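Residues per chain, in single letters:
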Amino acid sequence: MSPEHDTNLQPAVAGEASTEAGGEFSAEHSEAQGAAAGAATAVARAAEAPEVPSEQDHGSTAPAAPEATEAVNAASPAAMESAECGSTETMDRLLDQFSTPEVASEGEIFEGHVLAVTDAGVVVDVGGKFEGLVPAQEFLDAGAAIEFGPGQTIEVERVHGQKEGYVLLSHARAHRRRVWERIEKSSREHTNLTGKTLERIKGGIVVDIGVRAFLPASQIELRPVHDLEPWLNRELEVRVLKLNRKRGNVVVSRRALLEEEEKAKREALAAALSEGAVVTGRVKNVTDYGVFVDLGGMDGLLHVSDLVWGRVQRPSSVVQPGEEIEVKVLKFDKEKQRISLGRKQLLPDPWATVPERFPVGTRVQGKVVGLTDYGAFVQIEPGVEGLVHVSEMTWSKHVKHPSKIVKLGDQVEVAVLEVRPDQRRISLGLKQTFPDPWEAAAEKYPVGSIVRGRIRNLADFGAFVEIEEGMEGLIHISDVSWTERIKHPSEKFKKGDTVEARVLKVDMQNRRLSLGLKQVNDIWANWFAAHHVGDVLKGKVVRATDFGAFVELAEGIEGLCHVSEIEERRAKGERDKPRLPRDARVTSVLAPGQEYDFKILRLEPEQHKISLSYRAAQKQAERQDMESFRSSRSSPNATIGDAILAKRQGL
């Protein structure tokens, strides 16, 4: 029945029901309802015998009598009989029999069955309530084809209005409402949603979870993700973080799921983990100081010192990310969730047999694996390293840094000096593999021999001369010059100077060598060879003291004339008379800077001492003059006085 037909039945009871329902029926139900309503109207008119309403009263362009007749003819015989009798009871039964079915209110969501797919859209049966139409335009606006066919179930929502006699329905609105209900429920109950990543936008990715949701880049993984391209067009499980239905905004997170999983794994692992346990993990990250191992929910640190027995320059040379390794739990702090791991503890300990394999005195080949200011570490086998102290590198005492002698990676021969297995230490020596220069020092550098060397260091008391590698001698400040008084060796030397010196003493026990610079040209030896006790020679007084006068006999040669050898001895009767002070007594006879005759009283070559006498020289000169006077006068009775008088007179 057409909508126009419903309009013509407005005065009738059934017509009112039809109008009130808004015409939300299927075509078949409308036709049946119209027939019933017409029959009821005809019966009522026949009973009451009303006048046929005019066109003006009803506002209709068609006469009512033919329609009423048609409705009566279409009615059942029972209905006609009841109408003719005019029974009110029969009328009520008829109205109940053909009452209008209940129609869903606008906005209600329900499921229906697809009856047909037409050009206008999808015709839906909602289970006896009514039939409706989902317009084809709705699918076109969504950019999709109609995917439903007859017999399939479809979820719809009633919207306002009609089209072609059908109540208008919307599948998109129903679907959207269901999606939001599902999102809100997921947000309340903290459950997961599955969505597909669509595109990149600033700061993250758009995910389709029924609506467009935003997945920030910081919420994709446990660690920040910088490259988002590999995450596009993938199915992901996410969790709702923020929700604003009015604005249609949804923010989701994948990281929240991963954190929950990690937390559950950590709790399970923490309950089962204990110190000393051997577990299998996967290398997660490799750094310079160690390796982080994923144990399945918790990360443990495998320090570089616990990776293998021995020194490791780079942990990446032993393990690689992603590699599965077996480790031992060394320490587990449940409160701080820190796990210390060890891998070398599962390998044989090479130190267990070091004392037997490397006894003291053994010479072994090794590789320099570390350098410090105090020495070099040498690996003599994997896991066993020893220290060559800087003092054991060379026989020389002047080593600035171990890097001046060996380099990293050098293959060297070393001697085992000491083994301490309890401390896992072994002391090695490098210089012990070379000859000790002091063993042949006495033969190579005998006392009196001349050596040549370089000044290495200066001290207040002398200069150190390096004769060869590992051997030095000391030139004491007193052995620098015969004639000069040296206050500091820097007056004569500077570092790096090459000098010649004479070996004065070799001390093998204390590894000392005494040298002398002035002994190279020994003027004393030459002077002592040319002079003897009793010789009278001239000398210049260089300085006077209270105990005597120092006399220069030759360049660099001095002798001492004691005060007792300067003036005549006093007679017994004159000893009580007062005398001048000693220094005055010296200078009154011997004036500094003047030359006088002196007689040698005593010689001590080893101590370079010469004792002189001015008085003895004067007496000897007087005797020589007397002998000369006597020989010239031929008078054996001449006295010394005569000789002196004759000398004064120029005789």
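Residues numbered from 1 in each chain as written. Predicted model: local features only at pLDDT ≥ 70, side-chain atom pairs only at ≥ 80, totals over all residues. Heavy atoms only, no water.

Caption draft 1: Looking closely at the overall build of the chain. Across its full length, the chain carries 16 helices and 30 strands. Residue burial in the chain is summarised as follows: out of 651 residues, 38% are buried. The contacts of the chain with a sequence gap of at least 6 include a subset with a gap of at least 24, amounting to 58%. Accessible area of the chain: about 38,200 Å², with a carbon and sulfur share of 48%. (Helix = DSSP H or I, 4+ residues; strand = E, 2+ residues; numbered from the N terminus. Buried < 20%, exposed > 50% of the residue type's maximum accessible area, 1.4 Å probe, protein only. Contact = heavy atoms within 4.5 Å. Areas by Shrake-Rupley, 256 points an atom, 1.4 Å probe, with all protein chains shown as cover.)

Caption draft 2: A look at the confidence of the model for the chain. When pLDDT is averaged across the chain, the result is 76; 77% of the residues are at 70 or more. Across the chain, the element-wise mean pLDDT spans from 31 in helix α2 (residues 13–21) up to 94 in strand β7 (residues 204–208). Scored below 50 in pLDDT, residues 1–87 makes 77 contacts in the model with residues more than four places away or belonging to other chains. Here residues 94–104 is modelled with pLDDT under 50, and outside its nearest four sequence neighbours on either side it reaches 19 contacts, counting other chains as well. (pLDDT = per-residue confidence, 0-100.)

Caption draft 3: Highlighting a positive patch on the surface. Judged by side-chain charge, Lys400, Lys404, Lys407 and Lys495 come together as a positively charged surface patch. Tracing the sequence through the fold places Lys495 in the loop between β23 (471–476) and β24 (498–507). (Patch = residues over 30% accessible without salt bridge, like charges linked within 9 Å, V, L, I, M, F, W, Y side chains within 5 Å. Salt bridge = Lys/Arg side-chain N within 4 Å of Asp/Glu carboxyl O. Lys, Arg positive; Asp, Glu negative; His and termini not counted. Charge placed at Lys NZ, Arg CZ, Asp CG, Glu CD.)

Caption draft 4: Main features of the sheet that holds strand β28 (residues 557–562). Strand order in the closed barrel formed by 5 strands is β26-β27-β28-β30-β29, with mixed pairing between adjacent strands. Pairwise comparison of adjacent strand axes, ignoring direction, gives a mean angle of 50° for this sheet. In terms of strand pairing, strand β29 (residues 595–604) meets strand β30 (residues 609–613) through 5 bridges, oriented antiparallel. Note that in β30 the partner of Glu604 across the bridge is Lys609. (Pairing = 2+ DSSP bridges. Axes fitted to C-alpha atoms, helices over the stretch in contact; angles between N-to-C directions.)

Caption draft 5: Representation of the side chain of Gln620 within the structure. Locating Gln620 in the fold gives a position in helix α15 (residues 614–633). Within polar-contact distance, the side chain of Gln620 engages the side chain of Lys599 at 3.3 Å. When neighbours within four sequence positions are excluded, Gln620 is seen to be in contact with Gly534, Val536 and Lys599. (Polar contact = N/O pair within 3.5 Å; in protein donor to acceptor, adjacent residues only side chain to side chain.)

Caption draft 6: Broad picture of the pattern of salt bridges. Going through the model one piece at a time under the given rule, you end up with 23 salt bridges. In this structure, Glu157 and Arg177 form a salt bridge, with 3.5 Å as the shortest nitrogen-oxygen distance. Here Arg177 lies in helix α9 (residues 171–189) and Glu157 lies in strand β4 (residues 153–163), a separation of 20 residues in the sequence. By relative accessible area, Arg177 is classed as partly exposed at 29%.

Caption draft 7: Fine view of unusual backbone geometry. Within the chain, Asn233 stands out as a residue other than glycine whose phi angle is a positive 60°. As for its placement among the helices and strands, Asn233 is situated in the loop between β8 (212–216) and β9 (235–244). One non-glycine residue with positive phi stands out, namely Arg424, at about 55°. Along the chain, the position of Arg424 falls in the loop between β19 (411–420) and β20 (425–429). By relative accessible area, which is 34% here, Arg424 ends up partly exposed.

Caption draft 8: Structural detail: the environment of His531. Within the element layout of this structure, His531 appears in the loop between α13 (523–530) and β26 (536–545). Distance from His531 to Ile600, taken between C-alpha atoms, is 8.7 Å for residues 69 residues apart in sequence. With near-sequence residues (within four places) excluded, His531 lies in contact with Leu537, Ile600 and Leu603. Of the polar contacts made by the side chain of His531, one reaches the backbone oxygen of Trp527; its length is 3.0 Å.

Caption draft 9: Local environment of the packing of aromatic side chains. Counted under the stated rule, the structure contains 8 aromatic pairs. When the ring of Phe547 is compared with that of Phe550, the centres are 6.0 Å apart and the planes differ by 90°; the resulting orientation is edge-to-face. Here Phe547 falls in the partly exposed class, since its relative accessible area comes to 32%. Members of the aromatic cluster, joined through ring pairs, are Tyr596, Phe598 and Tyr614. The ring of Trp231 is capped by Arg234, whose NZ or CZ atom sits 4.3 Å from the centre of that ring. Against the face of Phe550 rests Arg543, its NZ or CZ located 4.3 Å from the ring centre. (Phe/Tyr/Trp six-rings, centres within 6.5 Å; stacked < 30°, edge-to-face > 60°. Lys NZ or Arg CZ within 6 Å of the ring centre and 35° of its normal.)

Caption draft 10: Focus on α9. Between the first and last C-alpha of α9 there are 27 Å, a value that for 19 residues agrees with the 27 Å anticipated at 1.5 Å per step. Along α9, the residues classified as buried are His171, Ala174, Val179, Trp180, Ile183 and Ser186. (Expected span 1.5 Å × (residues − 1).)

Caption draft 11: Representation of helix α10 (residues 255–272) within the structure. If you check α10, its first and last C-alpha atoms are 25 Å apart, about what 18 residues at 1.5 Å a residue would give, namely 26 Å. Regarding α10, the residues found buried are Ala256, Leu257, Leu258, Leu269 and Ala270. For α10, the elements touching its buried residues are β9, β10 (249–253) and β14 (324–333).

Caption draft 12: Structural detail: the pairing of strand β11 (residues 278–286). Pairing of β11 with β14, which is carried by 5 bridges, proceeds in the antiparallel orientation. Bridge pairing in β14 links Gly281 to Ile325. Note: β11 against strand β12 (residues 290–294), 4 bridges, orientation antiparallel. Across the sheet, residue Val283 finds its bridge partner in β12, namely Val293. With antiparallel pairing between neighbouring strands as the criterion, β11 and β12 make up a hairpin whose turn holds 3 residues.

Caption draft 13: Main features of the sheet that holds β23. Read around the barrel, 5 strands follow the order β21-β22-β23-β25-β24 and close on themselves; strand pairing throughout is mixed. Taken pair by pair, the neighbouring strands of this sheet meet at an average axis angle of 50°, ignoring direction. Taken together, the 5 bridges between strand β21 (residues 450–459) and strand β22 (residues 462–468) define a ladder with antiparallel strand orientation. Looking at the pairing, Ile455 lines up with Val465 of β22.

Caption draft 14: View of the nonpolar core. The biggest cluster of nonpolar side chains holds 22 residues, and the ones touching the most others in it are Trp527, Leu553, Cys561, Leu590, Phe598, Ile610 and Leu612. The set of elements that each furnish at least two residues to this core consists of α13, β26, β27 (548–554), β28, β29 and β30. Looking at this core element by element, the count peaks at 4 residues for β29. Each residue touching Leu590, except ones within four places of it in the same chain, is listed here: Val541, Ala549, Cys561, Ile566, Tyr596, Phe598 and Tyr614. (Core = buried A, V, L, I, M, F, W, Y, C linked by side-chain atoms within 4.5 Å.)

Caption draft 15: Examining the pairing of β10 more closely. Pairing geometry for β9 and β10, over 5 bridges, is antiparallel. Each bridged residue has a counterpart across the sheet, and for Lys242 the counterpart in β10 is Val251. Here β9 folds back onto β10 in antiparallel fashion, the turn holding 4 residues, of which Gly248 has a positive phi close to 75°.

Caption draft 16: Representation of the environment of Glu468 within the structure. Along the chain, Glu468 falls in strand β22. In this structure, the C-alpha to C-alpha distance between Glu468 and Gly453, residues 15 residues apart in sequence, is 7.4 Å. Beyond its immediate sequence surroundings of up to four residues, Glu468 is in contact with Pro437, Lys444 and Tyr445. One polar contact links Glu468 to Lys444, side chain to side chain, over a distance of 2.8 Å.

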